[in-house]
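Coordinate inspection notes
Each chain is listed here by its residues.
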Amino acid sequence: VFHGRILARRVVGRETRYEVEVKARYRQRFPLVSREYLWVPNTCGCPPLQEGGEFLLMARRHVNHEHTLNRILLQDGGYARPWTAREARLVREAARHC
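What you see is a predicted model; the values in this text were computed from it and never measured. (Residues numbered from 1 in each chain as written. Predicted model: local features only at pLDDT ≥ 70, side-chain atom pairs only at ≥ 80, totals over all residues. Heavy atoms only, no water.)

Digging into the nonpolar core
Among the nonpolar cores identified, the biggest contains 16 residues, and Phe2, Tyr18, Leu38, Leu49, Leu57 and Leu74 are the most heavily contacted of them. Put simply, the parts of the chain that give this core at least two residues each are strand S1 (2–12), strand S2 (15–25), strand S3 (35–40) and strand S4 (54–58). Per-element accounting of this core gives the leading share, three residues, to S2. Those residues in contact with phenylalanine 2 that lie beyond four places of it in its chain are Val20, Val22, Ala24, Arg25, Tyr26, Leu32, Phe55, Leu56, Leu57 and Ala59. (Core = buried A, V, L, I, M, F, W, Y, C linked by side-chain atoms within 4.5 Å. Buried < 20%, exposed > 50% of the residue type's maximum accessible area, 1.4 Å probe, protein only. Helix = DSSP H or I, 4+ residues; strand = E, 2+ residues; numbered from the N terminus. Contact = heavy atoms within 4.5 Å.)

This is the structure we're talking about:
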């Protein structure tokens, strides 16, 4: 779970790749660097992540069986909400209990 600002969007094959500036990490099961690529397995713009927008994102690390692909994946129906101070506070509180 992290707070990120969308820097760029690019369609690659049947997927969408977002370049994201990681602004804050709330729940970290895998390391994140200050700039990451976030992959969405569609090209429809769902969820709608606008360039320049800030979002609270819950994604997972996806590694294929051959370990040749290692990326951050926002699954269909994944958690992507516009970032607000209230959302951030709720996530911080939940992270302390989980």
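Focus on the packing of aromatic side chains
Scanning the model with the defined rule gives zero aromatic pairs in all. Arginine 17 extends its terminal NZ or CZ atom over the ring of tyrosine 37, reaching a point 4.1 Å from the ring centre. (Phe/Tyr/Trp six-rings, centres within 6.5 Å; stacked < 30°, edge-to-face > 60°. Lys NZ or Arg CZ within 6 Å of the ring centre and 35° of its normal.)

Regarding the pairing of strand S5 (residues 60–63)
Two elements, S5 and strand S6 (residues 70–73), share four bridges in a ladder whose sense is antiparallel. Considered in S6, the bridge of histidine 62 is made with arginine 71. Where S5 folds back on S6, the antiparallel hairpin that results is connected by six residues, among which histidine 67 adopts a positive phi of roughly 60°. (Pairing = 2+ DSSP bridges.)

Side note on the side chain of threonine 16
Relative to the assigned elements, threonine 16 resides in strand S2. A residue is classified by how much of its surface remains accessible, and threonine 16, at 1% relative accessible area, is buried. At 2.6 Å, the side chain of threonine 16 forms a polar contact with the backbone oxygen of asparagine 42. Once residues within four sequence positions are removed from consideration, threonine 16 is found in contact with Arg9, Arg10, Val11, Leu38, Trp39, Val40, Asn42 and Thr43. (Polar contact = N/O pair within 3.5 Å; in protein donor to acceptor, adjacent residues only side chain to side chain.)

Thoughts on the sheet that holds S2
An order of S5-S6-S3-S2-S1-S4-S7 is seen for the seven strands of this open sheet, with the pairing classed as mixed. One side of each edge strand has no neighbouring strand; the edge strands of this open sheet are S5 and strand S7 (79–82). Strand after strand, the sheet turns through a mean of 45° between neighbouring axes, direction not considered. Where S1 lies against S4, four bridges are found, and the strand directions are antiparallel. Each residue of the ladder has a partner; that of glycine 4, found in S4, is phenylalanine 55. (Axes fitted to C-alpha atoms, helices over the stretch in contact; angles between N-to-C directions.)

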